[in-house]
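A look at the structure
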Amino acid sequence: MRLHLVDGTYELYRAHYSPRPGTTAPDGRDVKATAGVMDSLLALLHDETEAVTHVAVAFDNPIRSFRNALFAGYKGDEGVPPELRAQFDLVEQAVEALGVRVWSMKDHEADDALATAAARWAGEVEQVRLLTPDKDLGQCVRGQHVVQVDRRQQKVMDAEAVKAKLGVAPESVPDLLALMGDDADGIPGLPGFGAKGAATVLQAYGHLEAIPDSAAEWTAKPRGADKLAATLKAHREDARLYRTLATLVEDAPLPGTASLADLEWKGVPEARFKAFCEGLGLKSLQRRPKRWAA
């Protein structure tokens, strides 16, 4: 038994910007992104190697979260194409039409939902698979039991793979993002700290609090260590705030979900799915399901 946790917002954006042909509903609405998410999820649900038994998809709806109140520069909804924004509610209906649990996150983010579910049910399944390439989810990886899956590149990352890619163990990922920044989330990081330098220091100390103020005390010294140490000493409070922004919540509300049993996928509900596809003019998708709910 596996638990598949999907970053729906990533899937939605990926589908919107993909080279797939545009899709227009009979009423003239652009539904390319929604159709793309449905296509992607059907491929996952019917993938015998993934062997989906329990699954949920989380969405940022709206984009802004509690983190925006902590830091004005955190990612917001500015610049979201109107045709994409118009599909935020629609895509959730589409996923539900596949018989899959949807978590629509209002104050938290989709990543918080994935982190919460992984922490809550890891002990009840053989493996938790986090389906997103976002590096901040690397903090949730635990050995080979909770892994991160990049479906696009067909890569599965366990704890050793996270360390090989980012240069730090999963538990140090928020500290790494605090120092080097994360453009995707609007976290600026500290001046001068690149991925390599930040990882080198954290390999030795693990977390911000353990890093000495003086580079003379550093056991690992990246290039420009003296300047980096001075920067960190002057901006520790900023670094702590950035780490808070990068740290995923493990007690976020999961709408409609009381237990792991609520996430069991029993197949595509035929009548609901076909009615939804008919309404959007998605005739080719109607023939895709291989497993209908009893």
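Since this is a predicted model, take the numbers as computed values, not measurements.

Here we look at the layout of surface pockets
- Approximately 460 Å³ is the volume attributed to the largest pocket.
- Thr9, Lys75, Asp134, Ala184 and Asp185 are the residues nearest the centre of the largest pocket, which is lined by 21 residues in total.
- Looking at the lining of the largest pocket, the elements that each hand over two or more residues are α1 (8-17) and α6 (110-121).
- Looking at the lining of the largest pocket element by element, the count peaks at five residues for α1.

Focus on the domain arrangement of the chain
- Per the domain assignment, the segments of the chain are domain 1 (2-165 + 249-287) and domain 2 (167-246).
- The centre of domain 1, based on its C-alpha atoms, is set 30 Å off from the matching centre of domain 2.
- Across the boundary between the two partners, domain 1 contributes 17 residues, which contact 19 residues of domain 2.
- Of the roughly 1,400 Å² buried between domain 1 and domain 2, counting both surfaces, carbon and sulfur atoms make up 61%.
- The largest share of the area that domain 1 buries against domain 2 comes from Phe71, Lys135 and Gln139, three residues that together contribute 36% of it.
- At the boundary of domain 1 and domain 2, one finds two salt bridges.
- In this structure, aspartate 185 engages lysine 75 in a salt bridge whose closest nitrogen and oxygen atoms are separated by 3.3 Å.
- If you look at where domain 1 meets domain 2, you find four residue pairs in polar contact (both at pLDDT 80 or more).
- Sorting the residues of the side of domain 1 that touches domain 2 by element identifies α3 (67-70) and α7 (159-166) as the ones contributing at least two each.
- Broken down by element, the side of domain 1 that touches domain 2 gets its largest block of residues, five residues, from α7.

What counts and how
Residues numbered from 1 in each chain as written. Predicted model: local features only at pLDDT ≥ 70, side-chain atom pairs only at ≥ 80, totals over all residues. Heavy atoms only, no water. 1 Å grid on protein atoms, 1.4 Å probe; cavity = no way out; pocket = protein on both sides within 12 Å on 5 of 7 lines; lining within 4 Å. Points joined across faces, edges and corners; volume = space filled by probe spheres on them. Helix = DSSP H or I, 4+ residues; strand = E, 2+ residues; numbered from the N terminus. Domains from an automatic or database assignment. Contact = heavy atoms within 4.5 Å. Buried area = accessible area lost by both parts, 1.4 Å probe. Salt bridge = Lys/Arg side-chain N within 4 Å of Asp/Glu carboxyl O. Polar contact = N/O pair within 3.5 Å; in protein donor to acceptor, adjacent residues only side chain to side chain.

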